[in-house]
Amino acid sequence: MEQLFLIIILLFGGSTLAGSVKIINQGDRALVESLGKYNGRTLDPGLNFLLPFYHRVAYKETVREQVLDIPPQKCITRDNVSISVDAVVYWRIMDLEKACYKVNNLQAAMENMVRTQIRSEMGKLELDQTFTARTEVNEMLLRELDIATDPWGVKVTRVELRDICPTKAVMDAMELQMSAERQKRASILASEGERESAVNSAKGRAEAQVLAAEAQQKAVVLEAQAQRQSQVLKAHATAEAIQILTKTLQSDPEAREALQYLLAQNYIEMGATIGNSDSSKVMFMDPRSIPATLEGMKSLISDTPSS
């Protein structure tokens, strides 16, 4: 009987002694209550001793950064479009006492707080803005959640919206809208291409006409210049020929007879040439007028002053 009593005492004492020793892992903290009241004692990582029946570990939690996964939830945008949004929140406990005594079930409270803030922020935006302003929404959620969870001794370090998914009907409507936008841009590009092609063609034709006109003008100018130069050369040649004839007639009186003969011959050849021309079919010449013509030409030559 005494042995049984001794065994009971040893077991009771061993369990009491084991309960008075607490080992806290690295990264964790624990709050200790004395007779049900917190007196400010916190257990740090390592070996800690408590008084049996007087001390009790009331709350033990990690102070490392934690991840809160927010499952997808339905939200309504400002333009009354239903979307599904999920997120992930990174947070850590900064004040273990507040996390224990200021709120019951900290993680559930934080999850409800994040859900409420997400619905509130999505309700301020239109559907298109929810895709383009994701960074701004993340920053807004971080700021609001950090302020809201500060009384609980929690620091929110980061908030990320992961997926924003409209309903199938909205997705189909968006696909139709994007298809219409693509067709519109394609039509605009095609019309602009046709317009530029027409403008380029018109410019090309105008430039070609200008070049042709300039070339024609240059050709006319060159032809006129050539004719003028030809006439000038002929005039110079005629003047030189006259000077030569004049000198010859003045120096050799017998040359007059030869000149008369040449003029008469040229006159007859000119008539023959006119008769053979395509534009002249019939040429009437009075034979009796030939001697008179020759006599007239002879008199003109005879009137040439002699030296």
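Bear in mind that the values here come from a model prediction, so they are computed numbers and not experimental data. (Residues numbered from 1 in each chain as written. Predicted model: local features only at pLDDT ≥ 70, side-chain atom pairs only at ≥ 80, totals over all residues. Heavy atoms only, no water.)

1. Brief notes about helix H5 (residues 134–149)
Here H5 spans 22 Å end to end across 16 residues, near enough to the 22 Å set by a 1.5 Å rise per residue. Of the positions making up H5, those classed as buried are Val 137, Asn 138, Leu 141, Leu 145, Asp 146 and Thr 149. Summarising the axial view, the buried residues of H5 lie within an arc of 160°, below the 170-degree limit, and thus occupy one face. Where the residues of H5 are buried, they touch helix H3 (106–122) and strand E8 (154–166). (Helix = DSSP H or I, 4+ residues; strand = E, 2+ residues; numbered from the N terminus. Expected span 1.5 Å × (residues − 1). Buried < 20%, exposed > 50% of the residue type's maximum accessible area, 1.4 Å probe, protein only. Arc of directions from axis to C-beta. Contact = heavy atoms within 4.5 Å.)

2. Description of the packing of H3 against H5
Contact geometry for H3 and H5: axes closest at 10 Å, N-to-C directions at 140°. As summarised for this structure, H3 and H5 are arranged oblique, according to the angle between their axes. Remark: the crossing between H3 and H5 carries right-handed chirality. Of H5, the residues touching H3 (which contributes Met 110, Met 113, Val 114, Gln 117, Ile 118, Glu 121 and Met 122) are Val 137, Met 140, Leu 141, Glu 144, Leu 145, Ala 148 and Thr 149. Looking at the contact of H3 with H5, its residues break down into 10 nonpolar, two polar and two charged. (Axes fitted to C-alpha atoms, helices over the stretch in contact; angles between N-to-C directions. Parallel < 35°, antiparallel > 145°, perpendicular 65-115°, else oblique. Left-handed = near helix turned anticlockwise from the far one by under 90°. Nonpolar A, V, L, I, M, F, W, Y, C, P; charged D, E, K, R; others polar.)

3. Topic: H3
For H3, which comprises 17 residues, the first-to-last C-alpha distance of 24 Å matches the rise-based estimate of 24 Å (1.5 Å per residue) to within 8%. Among the residues of H3, those classed as buried are Leu 106, Ala 109, Met 110, Val 114, Arg 115, Gln 117, Ile 118, Glu 121 and Met 122.

4. What to know about the pattern of salt bridges
A full pass over the atoms with the stated rule returns 10 salt bridges. Between Arg 29 and Asp 44 there is a salt bridge whose closest N-O contact spans 3.8 Å. Here Arg 29, found in strand E2 (residues 28–34), pairs with Asp 44, found in the loop between strand E3 (37–43) and strand E4 (46–49); they are 15 residues apart in sequence, far enough to count as distant. For Asp 44, a relative accessible area of 43% gives the class partly exposed. Several salt bridges converge on common partners, so that one network encompasses Asp 69, Asp 86 and Arg 162. (Salt bridge = Lys/Arg side-chain N within 4 Å of Asp/Glu carboxyl O.)

5. Points about the sheet that holds E8
Strand order across the open sheet formed by three strands is E6-E7-E8, with antiparallel pairing between neighbours. The open sheet has two edge strands with one neighbour each: strand E6 (66–76) and E8. Here the average twist between neighbouring strands, direction ignored, is 20°. Of the pairings in the sheet, the one linking strand E7 (residues 82–93) to E8 comprises 11 bridges and is antiparallel in character. (Pairing = 2+ DSSP bridges.)

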